[in-house]
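# Understanding the architecture of this molecule
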Amino acid sequence: MSVSSSTQGKQVKFYPSSSASSDSDDRSDLTEPLYIDPNLYVDIGNGDYCCPASPTTVPGRIVSSNSLESPARTTTPTRPARRQRTTSVNSQSTTANPAECIIRANNRTIYTAGRPPWYNCAGQQVEPFVIGVCGGSASGKTTVAQKIIESLSVPWVTLLSMDCFYKILTEKQHEQALLNEYNFDHPDAFDIDLLVEVLTKLKEGRMVEVPIYNFVTHSRESKTKTMYGANVIIFEGILAFHSTEVLKLLDMKVFVDTDADIRLARRLKRDISQRGRDLSGVLKQYLTMVKPSYANYIAPTMAHADIIVPRGGENKVAIHLIVQHVHTQLQLRGFKLRETLVNSYKDQPMPDSLHLLPPTPQIKGLHTFIRCRGTSRDEFIFYSKRLIRLVIEYALSLFPFKTTTVETPQGVLYEGKRMGSRKICGVSILRAGETMEQAICDVCKDIRIGKILIQTNRNTGEPELYYLRLPKDIKDYKVILMDATVATGAAAMMALRVLLDHDVPEENIILASLLMAEIGVHSIAYAFPKVRIVTSALDPEVNEKFYVIPGIGNFGDRYFGTEPSDDYL
Ligand SMILES: Nc1ncnc2c1ncn2[C@@H]1O[C@H](COP(=O)(O)OP(=O)(O)O)[C@@H](O)[C@H]1O
Ligand SMILES: Nc1ccn([C@@H]2O[C@H](COP(=O)(O)O)[C@@H](O)[C@H]2O)c(=O)n1
């Protein structure tokens with residue numbers, strides 16, 4: 001089998017790990033956005049939403065009906081499109097694959113789930129768990145890998161095949177291959193250096209370009225496939241355990257042990273139907289190279305295996321054991337973020353990085369309006385806007401100012417202050433953070449605006465990254481990250497992690513929010529101590545649904561006039 005279980009053939013240049021996937025755009029000064037359409041969810045029949053087996057490329061432009069299209073300097077409170085729970089995808093040209101959780105429509109691909117956290121409670125990158133699956137040709141390695149993915153229910157799994165690393169053949173070797181005389185089962189047939197480089201990068205959570213291999217032409221396609229770091233990476237191949245360098249990168253080694261006659265029967269069927277071969281050619285290659293290489297290079301590596309899976313994909317007990325082990329390992333690595341955050345840092349003093357607006361009667365008065373359940377929507381918007389403006393002004397005052405002298409109309413010198421940097425960028429966490437964009441645009445001339453859409457996964461309770469659009473040179477900017485409210489801090493942490501992955505220095509970021517729960521402040525301050533946190537009020541609690549208590553209610557619903565929903569933070 002070839003590369004990962006998703007769209008083939010999109011070239012995307014390297015971007016930091018959180019740029020989960022991208023699309024081209026005509027605005028060269030913006031990073032290519034990640035499009036994982038939150039409005040398209042596929043019901044896989046049991047009421048659960050399925051998740052992508054592999055985080056990969058989005059080849060076409062997806063325009064969702066909410067205001068995600070491009071950073072804007074102005075924002076009016078529009079009613080965003082609500083996430084649709086579709087039970088079927090009705091276009092004939094549209095197919096939904098539950099295993100991959102990807103919808104392919106005409107020439108575009110839509111992911112139906114977002115990217116879950118790739119860091120722990122301390123905000124640090126967590127290494128993915130890497131499973132190596134080795135075994136003879138057609139032993140069922142890919143099938144086992146796919147069964148593991150299905151049973152894992154981990155939303156972010158990358159499947160990498162060793163086939164992608166077959167070397168480019170010389171003309172002479174190519175002629176041999178056409179005569180079934182080139183040995184594709186010898187270790188020298190693989191570009192191990194490239195494999196190690198790719199696997200290492202994936203383990204670091206980075207994006208990579210992986211060659212796409214064509215078994216019919218015995219060559220690499222001109223296009224490559226973009227792959228991303230994940231919570232789990234499965235690497236499968238006939239010689240997966242041959243190189244000691246590769247072995248070091250594997251956290252768990254699985255050997256698929258299937259009878260030679262079954263392997264040959266499957267290979268005959270597959271190579272004739274899918275790889276453009278004929279009966280005599282498959283037999284010739286098998287007897288002269290595949291079989292001896294299995295004995296010489298593949299079978300001996302069984303000794304490295306932690307688990308040997310007889311019979312391959314049909315061995316449910318073995319797959320269950322593997323899945324259980326992976327779950328335990330993921331738990332240990334701290335991927336259960338929100339749950340951990342909510343139970344941490346109780347009764348600790350507030351961090352120095354917190355800047356609370358003085359609780360003047362004016363601020364208290366505004367809070368009284370917006371917290372009151374009986375406040376009408378237009379009043380809610382009006383008083384929220386006033387409060388937002390104060391929060392933004394306060395946040396801006398924390399950036400460095402330099403002394404400057406101007407001459408007044410009276411011809412007298414006045415010693416004043418001017419902001420040290422003109423490069424300021426507002427980044428809103430959609431959708432509630434979008435309500436703060438107008439205020440920052442009103443007070444900051446020429447400000448750039450970026451957007452990050454993060455939503456909570458209903459099943460895991462974890463935040464997931466769906467959409468990303470940031471100025472390309474955001475690392476050179478002072479950034480005000482905006483969200484209306486912060487509860488556990490999980491979404492804000494994800495957004496901060498995204499900014500750090502785009503090389504924005506921690507000390508150049510201010511997180512601005514109308515209301516924060518104490519627990520959220522602690523979580524963020526612990527993970528990112530240099531990020532300054534600005535809010536107009538601190539509330540003591542977060543309830544079991546992760547709502548701030550006493551709180552404001554769902555800020556987005558109240559501001560945009562939408563129905564309450566668990567989908568949005
Ligand atoms: N348990 C099985 N029963 C029947 N056919 C199988 C089974 N497992 C795999 N196959 C088939 O055998 C072929 C090779 O399987 P695959 O999982 O791709 O093996 P590998 O990755 O080891 O080459 C495929 O056509 C697949 O559909
Ligand atoms: N051009 C090629 C490249 C490889 N092969 C054979 O593929 C086998 C590995 O793929 P599996 O999916 O079976 O693991 C390997 O045994 C090579 O002989 C080929 O035939 N042509």
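Heads up: the structure comes first, above all this text.
Computed from a predicted model, the values in this text were never measured in an experiment. (Residues numbered from 1 in each chain as written. Chains lettered and ligands numbered in written order. Predicted model: local features only at pLDDT ≥ 70, side-chain atom pairs only at ≥ 80, totals over all residues. Heavy atoms only, no water.)

## Quick notes on a nonpolar patch on the surface
- Together, I272, L279, L283 and L287 make up an exposed nonpolar region whose accessible area comes to about 350 Å².
- Looking at which element gives the most residues to the nonpolar patch, the answer is helix 6 (residues 279–298), with three residues.
- Inspection of the secondary structure assignment puts L287 in helix 6. (Patch = residues over 30% accessible without salt bridge, like charges linked within 9 Å, V, L, I, M, F, W, Y side chains within 5 Å. Areas by Shrake-Rupley, 256 points an atom, 1.4 Å probe, with all protein chains shown as cover. Salt bridge = Lys/Arg side-chain N within 4 Å of Asp/Glu carboxyl O. Helix = DSSP H or I, 4+ residues; strand = E, 2+ residues; numbered from the N terminus.)

## A short note on the site of ligand 2
- Surrounding ligand 2, one finds 18 residues, the nearest of these being S137, D185, Y213, H218 and R267.
- In the model, an oxygen atom of ligand 2 is placed 2.4 Å from a nitrogen or oxygen of the D185 side chain.
- Note that an oxygen atom of ligand 2 is positioned 3.0 Å from one of the side-chain N or O atoms of R270.
- Relative to its unbound accessible area of 470 Å², ligand 2 is 99% covered by the protein chains. (Near = heavy atom within 4 Å. Polar contact = N/O pair within 3.5 Å; in protein donor to acceptor, adjacent residues only side chain to side chain.)

## Considering the nonpolar core
- By size, the foremost hydrophobic cluster in this structure holds 42 residues, and its most contacted members are I392, I440, I480 and F555.
- Of all elements in the fold, only helix 9 (361–371), helix 10 (377–397), helix 11 (437–443), strand 20 (478–482), strand 22 (509–513), strand 23 (515–517) and helix 14 (555–560) reach the threshold of two or more residues within this core.
- Once residues within four sequence positions are removed from consideration, I392 is found in contact with M436, A439, I440, V443, I480 and M482.
- Residues V198, L202, F215 and L249 belong to the second largest nonpolar core, which totals 38 residues. (Core = buried A, V, L, I, M, F, W, Y, C linked by side-chain atoms within 4.5 Å. Buried < 20%, exposed > 50% of the residue type's maximum accessible area, 1.4 Å probe, protein only. Contact = heavy atoms within 4.5 Å.)

## Topic: the sheet that holds strand 21 (residues 485–486)
- Across the sheet, three strands lie side by side as 21-23-25; this open sheet has parallel pairing. Edge strands, defined here as strands with exactly one partner in the open sheet, are strand 21 and strand 25 (538–539).
- Pairing analysis gives two bridges linking strand 21 to strand 23, with the strands arranged parallel. Residue pairing across strands places T485 opposite L515, the latter belonging to strand 23. (Pairing = 2+ DSSP bridges.)

## Comments concerning the sheet that holds strand 12 (residues 252–257)
- Ordered by their spatial adjacency, five strands build an open sheet running 8-11-7-12-13, and the pairing between neighbours is parallel. Both outer strands of the open sheet, strand 8 (157–161) and strand 13 (307–310), are each paired with one neighbouring strand and no more. Each adjacent strand pair in this sheet contributes to an overall mean axis angle of 20°, direction not counted.
- Of the pairings in the sheet, the one linking strand 7 (residues 129–135) to strand 11 (residues 232–237) comprises six bridges and is parallel in character. Bridge pairing in strand 11 places F129 opposite V232. (Axes fitted to C-alpha atoms, helices over the stretch in contact; angles between N-to-C directions.)

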